[in-house]
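For reference, the chains in residue letters:
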Amino acid sequence: MSAASQAGKCPVASHRIADSMREDILAGRLSPGERIRQEDVASKMGASRLPVREALRMLESEGLVELRANSGAWVSRLDLQDCDLIYRVRERIEPLALEASLPRLTSREHRKLTETQCEIEVTEDVDRFLVLDRDLHLLAYSGCQILELNTMVARYWNTTQHYRRAYAHLVGSGRKWVANAEHRLLIDAVIRRDVVEAERYLVGHIRRTRVELSKHPELFDIVRRGAR
């Protein structure tokens with residue numbers, strides 16, 4: 001195969017590998033702090049190391065992977081202080097994304113938000129809840145056309161995913177009603193295009209999660225041990 005042919009195939013392979021690894025990380029099959037060996041990924045995906053390296057760089061830009069000089073690639077990991085800071089940033093940037101998005105959302109998005117929340121309320125599967133919860137929030141921001149802001153929002157959702165999962169498994173369905181009530185208030189304000197109310201409910205929702213996580217520092221040890 002010529003060098004030009006290899007170069008043409010590399011971006012396709014890199015995206016395929018990045019998609020697979022992203023799914024494994026967000027689903028918890030790869031844990032924070034776990035080392036990613038390029039040769040293992042290349043063997044599993046039937047690819048050379050070049051597209052694997054490109055895929056890892058993509059995932060690093062998304063906040064999912066940490067690349068260390070002379071050490072290799074690792075699944076990104078947070079401590080309680082890092083996580084708290086990220087949630088404080090989220091309390092500020094996600095309302096901006098919502099404000100930019102809200103006027104552009106149509107009745108189709110409004111209907112999908114309501115349908116997603118209905119599914120959240122009936123599911124008993126924690127991992128399914130996490131997927132739907134993410135879908136609901138990102139759908140609410142989907143009208144935002146500020147690329148830098150969208151990139152930041154997605155990155156911070158990525159980096160905190162493992163800790164939301166650990167918390168959700170810890171508390172089970174006992175506190176689910178709180179999130180459901182907050183979601184319903186948020187959706188109602190979005191449908192009414194009430195930016196002030198929507199931002200207020202969103203900030204409170206994110207802040208409550210931050211405070212709840214701060215009460216369970218053991219979660220960060222549990223997640224860390226999962227990588228061993």
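What counts, and at which threshold
Residues numbered from 1 in each chain as written. Predicted model: local features only at pLDDT ≥ 70, side-chain atom pairs only at ≥ 80, totals over all residues. Heavy atoms only, no water. Helix = DSSP H or I, 4+ residues; strand = E, 2+ residues; numbered from the N terminus. Rg over C-alpha atoms; globule rule 2.2 N^0.38 Å. Buried < 20%, exposed > 50% of the residue type's maximum accessible area, 1.4 Å probe, protein only. Contact = heavy atoms within 4.5 Å. Areas by Shrake-Rupley, 256 points an atom, 1.4 Å probe, with all protein chains shown as cover. Lys, Arg positive; Asp, Glu negative; His and termini not counted. Charge placed at Lys NZ, Arg CZ, Asp CG, Glu CD. UniProt positions renumbered as here; feature names shortened; annotations may be inferred. Pairing = 2+ DSSP bridges. Core = buried A, V, L, I, M, F, W, Y, C linked by side-chain atoms within 4.5 Å. pLDDT = per-residue confidence, 0-100. Axes fitted to C-alpha atoms, helices over the stretch in contact; angles between N-to-C directions. Parallel < 35°, antiparallel > 145°, perpendicular 65-115°, else oblique. Left-handed = near helix turned anticlockwise from the far one by under 90°. Nonpolar A, V, L, I, M, F, W, Y, C, P; charged D, E, K, R; others polar.

1. Re the overall build of the chain
For the chain, the helix and strand inventory stands at ten helices and three strands. Reading the helices (α) and strands (β) of the chain from amino to carboxyl end gives α-β-α-α-β-β-α-α-α-α-α-α-α. For 228 residues, the compact-globule estimate of 2.2 N^0.38 gives 17 Å, and the C-alpha radius of gyration of the chain, at 19 Å, lies within 12% of that figure. Over its C-alpha atoms, taken along the principal directions, the chain stretches across nearly 55 × 40 × 30 Å. Within the span of the chain, comprising 228 residues, buried residues form 46% of the whole. When contacts within the chain are restricted to residue pairs at least 6 apart in sequence, long-range pairs at least 24 apart make up 76% of them. Within the structure as shown, the chain displays about 11,900 Å² of accessible surface, and the carbon and sulfur contribution to it stands at 53%. Taken as two groups, the 37 positive and 34 negative side-chain charges of the chain have centres that lie 3 Å from each other.

2. Observations concerning the UniProt feature "domain: HTH gntR-type" (unreviewed entry) in the chain
Mapped onto this numbering, the UniProt entry annotates "domain: HTH gntR-type" (unreviewed entry) at residues 11–78. Secondary structure content for residues 11–78 is 54% helix and 15% strand, and the end C-alpha separation is 30 Å.

3. A look at the pairing of strand 2 (residues 65–68)
Here strand 2 pairs with strand 3 (residues 72–75) via four bridges, running antiparallel. Across the sheet, the residue bridging to L67 is A73, located in strand 3. Linking strand 2 back to strand 3 in an antiparallel pair, the connection comprises three residues, with N70 at a positive phi of about 60°.

4. What to know about the nonpolar core
Counting residues in hydrophobic clusters, the biggest one holds 38 residues, and the most contacted among them are C83, L98, L113, Y141, L186, V190 and A198. Setting aside anything within four residues of it in sequence, one finds A198 in contact with L98, L102, L186, A189 and V190. Counting residues in each nonpolar core, the second largest holds 20 residues, with L30, A42, L59 and V75 among its members.

5. What to know about the confidence of the model for the chain
Residues at a pLDDT of 70 or more form 93% of the chain, whose mean pLDDT is 90. Considering each helix and strand of the chain separately, the mean pLDDT is smallest for helix 10 (residues 218–225), with a value of 74, and largest for helix 5 (residues 107–122), with 98. Contacts of residues 1–8 to residues separated by more than four positions or lying in other chains number two contacts, the stretch itself having pLDDT below 50.

6. Side note on the packing of helix 8 (residues 176–191) against helix 9 (residues 195–214)
In the contact formed by helix 8 and helix 9, the axes pass within 8 Å of each other and the chain directions differ by 160°. Taken as axis vectors, helix 8 and helix 9 run roughly antiparallel relative to one another. Helix-helix and strand crossings are classified by hand; for helix 8 and helix 9 the assignment is left-handed. Counted together, V178, A179, E182, H183, L185, L186, A189 and V190 of helix 8 and E197, A198, Y201, L202, G204, H205 and R208 of helix 9 form the full contact between these two elements. For the contact of helix 8 with helix 9, the class distribution of residues is nine nonpolar, three polar and three charged.

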